[in-house]
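In case you want the letters, here they are:
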Amino acid sequence: MKYLLIVFFFPAFLFAQKKQINIIPVPVSLQQTEGAFIINEQTQIEFSTQSKQLQSAANFLRNTIHEISGLSLPINKKAKQKIQLALIKDAAIGEEGYQLIVSTNAIHIKANTPAGIIYGMQTLLQTLPAVRTNAKLTVPCMQVTDYPRFKWRGMHLDVSRHFFGPNVIKQYLDLLATYKFNTFHWHLVDDQGWRIEIKKYPALTNTGAWRVDQTNLVWGSRPQAKEVEAPTYGGYYTQAQIKEIIAYAAERNISVVPEIEMPGHVASAIASYPFLSCTQQSQLPLTGGNYTNMASNYCAGNDSVFHFLEDVLTEVIQLFPSKYIHIGGDEVDKTSWKKCAKCQQRIRKENLKDEDELQSYFIKRIEKFVTSKKRKIIGWDEILEGGLAPDATVMSWRGEAGGIAAAKMKHDVVMTPGNPVYFDHYQGDPASEPIAIGGFNTLKKVYDYEPLPKELSETEAKYVLGAQANLWTEYVTTPKQVEYMVLPRMLALSEVLWSPTKMKDWVGFNERLQQHFKGFDQRGLNYSKGNFKVDIKPILKEGKLYAILSTEAYKGQVYYTTNGDQPSIKSYLYESPVEINSSVTIKAATVVNSELKSVVPAEQQFALHKAIGKKVNYTHPISRYYMADGPNSLTDGIKGTTAINKFWHGIAAKDLIATVDLEEEKNIQLLSLGCLQNYNDWIMMPEWVKFEVSLDGIHFTLVETVANTVSTNDKTAQIKNFTASFSSMKARFVRVTAKVLDQLPKGHSGEGKPAWIFADEFIVE
Ligand code: ACM
Ligand code: ZN
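Just so you know, these numbers come straight off a predicted model, no measurement behind them. (Residues numbered from 1 in each chain as written. Chains lettered and ligands numbered in written order. Predicted model: local features only at pLDDT ≥ 70, side-chain atom pairs only at ≥ 80, totals over all residues. Heavy atoms only, no water.)

Describing the overall build of the protein
Looking only at helices and strands, one finds 19 helices and 33 strands in the protein. Whereas a compact globule of 765 residues would reach a radius of gyration of roughly 27 Å, the protein reaches 29 Å, a difference of no more than 12%. For the protein, the C-alpha atoms occupy an extent of roughly 95 × 75 × 55 Å along the three principal directions. Within the span of the protein, comprising 765 residues, buried residues form 55% of the whole. Intrachain contacts of the protein at a sequence separation of at least 6 include 72% that bridge at least 24 residues. (Helix = DSSP H or I, 4+ residues; strand = E, 2+ residues; numbered from the N terminus. Rg over C-alpha atoms; globule rule 2.2 N^0.38 Å. Buried < 20%, exposed > 50% of the residue type's maximum accessible area, 1.4 Å probe, protein only. Contact = heavy atoms within 4.5 Å.)

Some remarks on the pairing of strand β7 (residues 152-158)
Here β7 lies mainly inside the structure; 7 of its 7 residues are buried. A two-sided burial pattern is seen for β7, the buried positions comprising W152, G154, H156 and D158 on one face and R153, M155 and L157 on the other. Pairing geometry for β7 and strand β18 (residues 464-469), over 4 bridges, is parallel. Across the sheet, M155 pairs through a bridge with A469, a residue of β18. (Pairing = 2+ DSSP bridges.)

Concerning the sheet that holds strand β1 (residues 29-39)
Read from one edge of the open sheet, 6 strands run β1-β6-β4-β5-β3-β2, paired in mixed fashion. Across the chains shown, the open sheet's two edge strands, defined by having one partner strand only, are β1 and β2 (43-47). Taken over all neighbouring pairs, the strand axes of this sheet differ in orientation by 20° on average, direction set aside. Where strand β3 (residues 81-87) and strand β5 (residues 106-111) come together, 6 bridges link them in parallel fashion. Bridging across to β5, K82 finds its partner in A106. Contacts between helix α4 (residues 114-126) and the sheet are confined to β3, β4 (98-102), β5 and β6 (137-146), with β5 contributing the most and set at about 145° to the helix. (Axes fitted to C-alpha atoms, helices over the stretch in contact; angles between N-to-C directions.)

Describing the sheet that holds strand β14 (residues 324-328)
Judged by pairing direction, the barrel is parallel, and its 8 strands sit side by side in the order β7-β8-β13-β14-β15-β16-β17-β18 before closing back on the first. Strand-to-strand twist across the sheet, computed as the mean angle between neighbouring axes with direction ignored, equals 30°. Contacts from helix α18 (residues 489-498) reach β7 and β18, with the element oriented near 150° to β7.

Digging into the coordination of the zinc ion (ligand 2)
Ideal values differ by geometry: the angle at a metal is 109.5 degrees with four tetrahedral donors, but 90 or 180 degrees with six octahedral donors. Protein coordination of the zinc ion (ligand 2) is provided by C278 (SG), C299 (SG), C340 (SG) and C343 (SG), with donor distances spanning 2.3 Å. In the primary structure, the donors to the zinc ion (ligand 2) are separated according to the pattern C-x20-C-x40-C-x2-C. With relative accessibility at 7%, the residue C340 sits in the buried group. (Donors = N, O, S within 2.8 Å, 3.2 Å for Na, K, Ca; no water.)

Topic: unusual backbone geometry
With an omega of -5°, the peptide bond between I24 and P25 qualifies as cis. Cis rather than trans, the peptide bond between M262 and P263 has omega equal to -10°. By the element assignment, P263 lies in the loop between β13 (255-262) and α8 (267-272). A positive phi angle, close to 60°, is found at Q280, a residue other than glycine.

With respect to the packing of aromatic side chains
The full count for this structure, using the stated rule, is 29 aromatic pairs. Ring centres of Y172 and F184 lie 5.7 Å apart, and the angle between their planes is 65°; on these two criteria the pair is classed as edge-to-face. Remark: F184 occurs in strand β8 (residues 183-187) and Y172 occurs in helix α5 (residues 166-178); sequence separation between them is 12 residues. Among the residues examined, F184 registers a relative accessible area of 0% and is labelled buried. (Phe/Tyr/Trp six-rings, centres within 6.5 Å; stacked < 30°, edge-to-face > 60°.)

A look at the nonpolar core
One finds W186 and Y298 to be the most contacted residues of the largest nonpolar core, which totals 114 residues. No other element matches helix α9 (residues 303-319), which puts 9 residues into this core. In this structure Y298 touches W194, E261, M262, P263, V266, A269, L276, V305, F308, L309, W337 and F362, once residues within four positions along its chain are discounted. If you look at the next biggest cluster of nonpolar residues, it comprises 36 residues, including I75, A111, Y119 and V139. (Core = buried A, V, L, I, M, F, W, Y, C linked by side-chain atoms within 4.5 Å.)

Some remarks on the confidence of the model for the protein
Averaged over every residue, the pLDDT of the protein is 93; residues scoring 70 or more account for 96%. The secondary-structure element of the protein with the lowest mean pLDDT is helix α1 (residues 2-9), recorded at 38, while β8 shows the highest, at 99. Of the regions scoring below 50 in pLDDT, residues 1-16 engages in 2 contacts with residues more than four places distant in sequence or in other chains. (pLDDT = per-residue confidence, 0-100.)

Observations regarding α9
In this model, α9 (17 residues) spans 25 Å end to end at C-alpha, consistent with the 24 Å of a helix rising 1.5 Å per residue. Taking the backbone nitrogen of S304 as reference, a side-chain oxygen 2.9 Å away marks N302 as the first, capping residue of α9. (Expected span 1.5 Å × (residues − 1). Polar contact = N/O pair within 3.5 Å; in protein donor to acceptor, adjacent residues only side chain to side chain.)

See below:
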């Protein structure tokens, strides 16, 4: 009754308004016209019986409409109005494209293939309610022509670190289907669990799928399990379940690519069959990230290992119709091969140069087998090391360099760089997010991603099949958390992969996204409401330092303070770059609809000093992964915080030696270098920091060497300023040397290996 009253008083013009269409990914072309088609009891689904292939599509549509309305639409029966599915020939829309034409008395979905029909239906379904409703099923009249930009539109899920049952996988596939992804990369094997039933080797799942439950401990700090503890945590998919999932995916035009890791990341297989490792000693499946003394590689010198893998792959290939079989190949610690007589014998016998070539031998031998079964291998970019297998497709995850190299070698490539498409990384301010593995891949970063690197020519770029987001699950332990990590970032990626570049529009995407959020709310899906962290960036303009404050939150505004107070809606509203004319701390927060959104304000110290904007010359180049804002980051007036990927310059295994030209002789009395220690990320304080000055840039005088006082075992992220103050002296050039810690301490996961130095800012006063 109440509802009726409200409707009654609604102004009439609202009803005349066109219903907004909010399709994600945005179609190539969509023209909305007057009127609407109402799906009701008089609607049937029709397809030509000549195209039997459409039966499954018709069933899918009928079932989905039934779920949201209770209607059971007849198929191929006489009825007043119809939803017609038809196969046509139209080269312009390609393999997966479609036309969707909605008029007041018919809906036509036309495509060259059933795949295209499925995508046309997905677009249609996006105009309907997300959950069961008694409301009319109104589809606005429109004409859509649509087809994807990329062939490989992938989402990955790691089910080894945490096992997710078949129903969770089906829900995940539903999300992929809604947003027109066509590839599900299923990471079925890793150190902490083997998840696929292999009939010939039952111990893989009887033993390898179960580990001692240490979910109460943080991943990286879990001790190795003991024999007396019961392995209760895990699970696996039977072959029958896998078949059902593959069929479920196929109905949605999703190809399921199984990943059978090798030769590393296989402690679970070794726990099941110790003969697979170099030492052949028995061990338990790993419980987390503590790998010390555990075997995790197959022995590359033992032919029985290859026979085992051929048996496993034979069953995998029988199960999975996918053209691609993912064979892993990443992060192989080759020390066990260095110590193994059989592996060394193989190196000699096959005339291999080293262990990198041994890995290449391993992958090539497996490729030969997979190719003999008429399938193709795909592997992580480490398969480039020691020589790429002849027909391998490369999945570039350590940035895009591997993908670029492979494309230049005329190999197919799938781009999946950690930044920005690792969805196990934070998407909002870590201060307000559930614990994640690190990194910061916000919705906007994903939206702005361009899978075709500038380094590739037009011909080379054709080898880039597409891109994929990966969800590793060390820190993702529940289905709700899976939803949270992919929603809404996978929607942004869907638009990157499907829509033409010229249609991309961040503001428009956010507007459409609001409707999808409503659907998530109705369906009880857990999703991130956005990144509310204000980004504070320095810029130098005509010798003056400014701060640019920005938020990527939809309809977000930025409020800030410069006096140390917490920002609120009573603080300054940010409108244009803030000039910095003294050493200050800016604190800033995002406000949406007058509501303060930042749980912890962004905070940035600015230091006004004599080297600001001055050129820095590095003796050893800075890592290209840690360039901060470019070569002047050390002298940009902005001090690094413990959020590592922002303002720091990083360098691994070498001393950081930086010389600054002050452009004229200046009186100076203080030199200081800020450094970061972040034990878990292998970033350690330098052993000491040395400051030198010079008048001519050739002859340098030592000012002071400042020793480190932070313990190498201190695991708290912290910044130390190495500072020398002295009585005023004249200098034109100043040089700082930070001595790298050559060996990470005992007990560290990188024990004995050199550390990283992270430095910022080099202050001259
Ligand atoms: C990977 O993230 N190790 C492929
Ligand atoms: Zn070996």
